Amino acid sequence: MNNESNVPRIAIVIPCYNEEAALPITAKALLGLIDEMHADGLVAPDSFIMCCDDGSRDRTWQIIESLHAADKRVKGLALAHNRGHQNVLLAGLHTVADMCDAAVSIDADLQDDPRAIIDMVRAFRQGKEIVYGVRSSRATDTWFKRTTAHGFYSFQRAMGLDTVYDHADYRLMSARALRLLAQYGEKNLFLRGIIPQIGLETAVVKYARAERVAGESKYPLKKMLSFSIDGITSFSAKPMRWIFVTGLLLLLIDIVVAIWVLVARWHHTTISGWSSLMLSVWFLGSLILMAIGIVGEYIGKIFIEVKDRPRYAIRDLLVD
Ligand code: UDP
Ligand code: MG
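All of the points below concern the structure found in this document. Computed from a predicted structure; not experimentally measured. (Residues numbered from 1 in each chain as written. Chains lettered and ligands numbered in written order. Predicted model: local features only at pLDDT ≥ 70, side-chain atom pairs only at ≥ 80, totals over all residues. Heavy atoms only, no water.)

### A closer look at the overall build of the chain
Link 1 in the chain: Helix and strand counts for the chain come out as 10 helices and 7 strands.
Link 2 in the chain: Since a compact globule built from 320 residues should have a radius of gyration of about 20 Å, the 26 Å found for the chain marks it as more spread out than a globular shape.
Link 3 in the chain: By principal-axis analysis of the C-alpha atoms, the chain measures approximately 90 × 55 × 35 Å.
Link 4 in the chain: A total of 320 residues make up the chain; the buried ones form 44% of that total.
Link 5 in the chain: Pairs at least 24 apart in sequence give 81% of the contacts found in the chain among residues at least 6 apart.
Link 6 in the chain: For the chain, the computed accessible surface area is about 17,000 Å², with 61% contributed by carbon and sulfur atoms.
Link 7 in the chain: Each charge class in the chain was averaged separately, 36 positive and 35 negative side chains, and the resulting centres sit 5 Å apart. (Helix = DSSP H or I, 4+ residues; strand = E, 2+ residues; numbered from the N terminus. Rg over C-alpha atoms; globule rule 2.2 N^0.38 Å. Buried < 20%, exposed > 50% of the residue type's maximum accessible area, 1.4 Å probe, protein only. Contact = heavy atoms within 4.5 Å. Areas by Shrake-Rupley, 256 points an atom, 1.4 Å probe, with all protein chains shown as cover. Lys, Arg positive; Asp, Glu negative; His and termini not counted. Charge placed at Lys NZ, Arg CZ, Asp CG, Glu CD.)

The structure is reproduced here in structure tokens:
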């Protein structure tokens, strides 16, 4: 804690892309929340919000500037161009890491109930270092969004990507967790996959997901799909192992095919050349798949090396 009263200074980090409609409402609500938490003795009075403009094309940055002019607890950061939610969020988290005791990331549209921050801060004060906001209901999302989102979670899990179910990027991280996160130097960053890897004590806070306060979703199905594929391919080399497994399975099926081909040949029901062609097509096919799978295993190793992730994270050290 960076002040003597042991009350934590909290930063609320908001990625904003073309959020001119939502931002004034959101900033007001979050400042009100900070006031309320301060009155309850939960957070320090200099807790603040950090609005991170992701190269918006509307008046988002001008709005952040005027909010900052009116209240210094609204801080801002602008990327030079649109780099996407994950990157702008990371820029915000890196920036506030040295300015706060804990940071909460929340979307600009307040779909994630801001009041859950109170519970997150409580959990933080009880020693939890990463607190995940998890949606208890998706009633306000459309049926389509809900089903596709759940489909993505299951698919990602099958592909070796371990994420917290129904958790988006609404979470609290302690300053220590933020510093550990900063050690991940990879460029294809998928925060929801990385953060469970950091370790430390975690907790979950449930909340109901609401409608956007204003503006439109910037995550249509197409973006969600590419986000999900990005998540898997930037995280796990498992799909490549599947190539090898498929080849191996085909090799087993080969045995059945070979028996069938030979039986057919013995019964003289085949035209000449069919048996040898059948056998070589199946055998070579599975061999080629296995060979690609083996190459894939090596590429998987390179993939992990290139990411240069920290191999461990030291939580505490007693050396004196
Ligand atoms: N966002 C961003 N850069 C982008 C797209 C979105 O910073 O390229 C922000 C956006 O302003 C919002 C958050 O990411 O604060 C989530 O976007 P949105 O609410 O549109 O997604 P949805 O909730 O519909 O999945
Ligand atoms: Mg949203």
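### Details of a nonpolar patch on the surface
Link 1 in the chain: Where nonpolar side chains cluster on the molecular surface, the patch consists of Val245, Leu249, Leu252, Ile255, Val256, Ile259, Leu262, Val263 and Trp266 and spans about 880 Å² of accessible area.
Link 2 in the chain: With respect to the helices, strands and loops of the structure, Val256 is situated in helix α9 (residues 238-266). (Patch = residues over 30% accessible without salt bridge, like charges linked within 9 Å, V, L, I, M, F, W, Y side chains within 5 Å. Salt bridge = Lys/Arg side-chain N within 4 Å of Asp/Glu carboxyl O.)

### Regarding the site of ligand 1
Link 1 in the chain: If you check the shell around ligand 1, you find 20 residues, and the closest are Glu19, Asp54, Asp109, Ser217 and Lys218.
Link 2 in the chain: Measuring from an oxygen atom of ligand 1, one finds a side-chain N or O atom of Gln111 at 2.8 Å.
Link 3 in the chain: Taken by itself ligand 1 offers 540 Å² of open surface, and the protein chains cover 95% of this.
Link 4 in the chain: Elements with a contribution of two residues or more to the shell around ligand 1: β1 (10-16) and α3 (85-96).
Link 5 in the chain: Looking at side-chain class alone, the shell around ligand 1 contains 6 nonpolar, 5 polar and 9 charged residues. (Near = heavy atom within 4 Å. Polar contact = N/O pair within 3.5 Å; in protein donor to acceptor, adjacent residues only side chain to side chain. Nonpolar A, V, L, I, M, F, W, Y, C, P; charged D, E, K, R; others polar.)

### Concerning the sheet that holds strand β6 (residues 171-174)
Link 1 in the chain: An order of β3-β2-β1-β4-β6-β5-β7 is seen for the 7 strands of this open sheet, with the pairing classed as mixed. The strands lining the two open edges of the sheet, one partner per strand, are β3 (74-78) and β7 (202-208). Ignoring which end each strand starts from, the neighbouring axes of this sheet average 20° apart.
Link 2 in the chain: Across 7 bridges, strand β5 (residues 130-137) lies against β7 in parallel orientation. Looking at the pairing, Val134 lines up with Lys206 of β7.
Link 3 in the chain: Together, β1, β2 (48-53), β3 and β4 (102-105) form the strand contacts of α3, whose direction differs from that of β1 by roughly 155°. (Pairing = 2+ DSSP bridges. Axes fitted to C-alpha atoms, helices over the stretch in contact; angles between N-to-C directions.)

Spatial relationships are all this shows, so hold off on functional conclusions.
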